[in-house]
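Spelled out from the first residue to the last, the chains are:
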Amino acid sequence: MTFARVSARRLWLALVLGLVAAGAVATAASGGATGRPRAATKPTAMATPASIGSAPAGARLDLTLPLVADDAGLARFATAVSTPTSPLYGHFESVQALTRRFGAKPGAAAAVQRFLRRAGARDVSFDEVGQFVSATMTVAAAQRTFGTHLARFRDDQGQEYIAPAGLAQGAPGAHAASAQPALPAALRGRITGVVGLDTQSLATPNMHAGLTGKVGTAASAARLARGGARAAANQPTSAYLPRTGSASGCRAARGTGSFTPNQYLTAYGYKALHQSNLLGQGERAALIEIDGFRKSDIDTFARCFRLPAPHLSVMPVGGLRHPLSPGGEATLDTELMTAAAPKLSRIYIYESTGRPGHVLKAYSSALARGRRPQVISASLGICEPLALGAMGPAGINGIERILRTAAAAGVSVLASAGDQGSSSCVYLGRIQHRLAVSYPASSPWVTGVGGTNMVVGRSNHLRAELVWNDTYAAPDAGGGGFSGLFARPAFQSAFQTTSRVVPDVSMLADLAPGYAIYCTVRGADCGKGGWTGAGGTSAAAPLLAAGVTLIDQDLRNHHHHGLGDLNPLLYLLGSGPARTQAFNDVTAINNDLGPYLPGSNHQPLGCCAAGLGYDAASGWGSVNLATLAHIVAPPKKG
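The model shown is predicted, which means the values in this text are computed figures rather than measured ones.

1. Points about the layout of surface pockets
Unfilled space is identified by rolling a water-sized probe across the atoms. Size it by volume and the second largest pocket reaches roughly 450 Å³. Within the residue set of the lining of the second largest pocket, elements represented by two or more residues are β3 (122-126), β4 (132-138) and α13 (356-365). Along the lines of polarity and charge, the residues of the lining of the second largest pocket split into six nonpolar, nine polar and seven charged.

Right, here's the structure in full:
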């Protein structure tokens, strides 16, 4: 790509966005974020986990050691190439070039590897994109090397895990942050820390099977949506049955009562792109998963809706030798991506256990040479306090470095904002009555996707949309709120808050009517197996990610670079005259589950209500893909 092409497109974008000068950001629209809300009640304390004994000396740990690198320089470059008003917009570099330019000092990785081998580590290796060193060590060797005592704990599902003993801060996953090991002298200045001494699963999937509680009617949902934000007080559930619009596909799929592909693809503008032969040809996408799927389920879904069978590549990471057992999450993600971008050249599915170091490796593996996708979607997450506890600062910074690298290489990264509303912490199977947002959706380098429900007309065009909040019927709601880990990023500079705010945008996520999927895995994910309705922001994220590949295809057809990091562009659009065309503003109800949580005394948490423009319940609203493509793609010459 030549600089002249980039400059011309940047100028054209600036004109469309109504920008007066490069770098200008319009004043936040009414309803925008105005500051961190206060909880209406004191947050519920989380019980301290009890040790059930010392960790077995011979148990093996998978350790990840992020190398010291020029993170600040990488962040500056990633920001420059991702900001439409920057002269460097779109001047992405390869992952390998970025590693040479901003990575660890020469010889650092080799020195760390030599030290680990002398300390008794096995399987010592350097990762594929040059960001960290991996190794396995016994508990005894790790305790000796890093001067920490490791104990056994049991989580709320009865699964045992290992973590540093001592100053637990009130919940599983808090050990690592409060008992970080001292680094040996030979590793100081070469690594930022050690990830993997805590083996509890970091990630939890956000997929939910169809709602079985009492729900309203389509008419009541439409009336609520028309009522706007005033209906937020004492609102009924956003869920409703039966579905609106006109479903198509095989009889069994229609019989679920959930939305079929022709409906949500029409409502959000995908169909218009499909009619222009934008189906994902030549594009690649990656999914980060912590369960597997049955290929036969995906094929059945495709046949029902007359879609081509997708080209799938399963990539086990984190020491896995074989694909994970089938589950509902990977099935849901893959089927929605297949519906929205049916001719993708490849969907890479990275499966890991969800342990901190394994999730880091999954993101890193997605950027490996020869497999780099145009978009990465992760339908998993955990509330920020537990993420920091399980990974420690070194683990969070390690993932952030991978995310910055993705942005600098022109890869879009999306993640589900969570399904617990503004209260994303879950302990002992219960949503905690405290404000928190989900990571990695809260990362400034990730587009966090929240949740809505929609009402469509007979032709399946969008008639009304409201924030997903199933209140007493579940309770579940689209994630959103104010980050406790990340300061306000540059693209949110117009907001009167010191924190990163999520979500950035939202898409259909409510369980009722939900999405029609085919999943033969029996259990909580897929019920009795077969055709079922499913939802969650984990559905919204891959749906939007697939849409990104369609726009990227259009851009590449005209010899332009892809979208890359979406957030700077989305916020420029939201702050200008194109907002009402690119986004479907969502102004009805909120994502506050406080009054519906056990032990809350029916008290709200105080966050977050929908309103005009940006809000922390729905972001800028849902995305109209056809209009977004028209805005960012170069004008076609007559």
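From this point on, the discussion continues.
2. Structural notes on the side chain of S499
Mapped onto the fold, S499 is located in strand β21 (residues 499-502). Engagement of the side chain of S499 in a polar contact is seen with the backbone oxygen of S483, the distance being 3.3 Å.

3. Points about the sheet that holds strand β1 (residues 51-54)
Overall, antiparallel pairing links the three strands, which are arranged β1-β5-β6 in an open sheet. The open sheet has two edge strands, β1 and β6 (160-164), and neither has a second partner. The average undirected angle you get between the axes of adjacent strands in this sheet is 35°. Here five bridges tie strand β5 (residues 150-154) to β6, and the two strands are oriented antiparallel to one another. Across the sheet, the residue bridging to F153 is Y161, located in β6.

4. Some points on empty space enclosed by the protein
Throughout the structure, instances matching the rule amount to seven cavities of 30 Å³ or more. One number sums up the size of the largest cavity: a volume of about 60 Å³. Around the largest cavity sit V505, L544, V548, I551, L563, L566, L569, L570, V623, L625 and L628, which together line it. Elements supplying a minimum of two residues to the lining of the largest cavity: α15 (537-557), α16 (567-574) and α18 (625-632). The leading source of residues in the lining of the largest cavity is α15, at three residues. Counted by class, the lining of the largest cavity contains eleven nonpolar, no polar and no charged residues.

5. A word on the state of the cysteines
Counting across every chain of the model gives four disulfides. The disulfide that involves C519 links it to C526, with 2.0 Å between the sulfurs. Between C519 and C526 the disulfide shows an S-S torsion of about 75°. By sign, it is right-handed. Comparing C519 with C526, the two get one shared label, buried. Each sulfur in the disulfide pair C607 and C608 lies 1.5 Å from the other. Measuring the twist about the S-S bond at about 45°, one finds the C607-C608 disulfide to be right-handed.

Parameters and conventions
Residues numbered from 1 in each chain as written. Predicted model: local features only at pLDDT ≥ 70, side-chain atom pairs only at ≥ 80, totals over all residues. Heavy atoms only, no water. 1 Å grid on protein atoms, 1.4 Å probe; cavity = no way out; pocket = protein on both sides within 12 Å on 5 of 7 lines; lining within 4 Å. Points joined across faces, edges and corners; volume = space filled by probe spheres on them. Helix = DSSP H or I, 4+ residues; strand = E, 2+ residues; numbered from the N terminus. Nonpolar A, V, L, I, M, F, W, Y, C, P; charged D, E, K, R; others polar. Polar contact = N/O pair within 3.5 Å; in protein donor to acceptor, adjacent residues only side chain to side chain. Pairing = 2+ DSSP bridges. Axes fitted to C-alpha atoms, helices over the stretch in contact; angles between N-to-C directions. Disulfide = S-S within 2.5 Å. Buried < 20%, exposed > 50% of the residue type's maximum accessible area, 1.4 Å probe, protein only.

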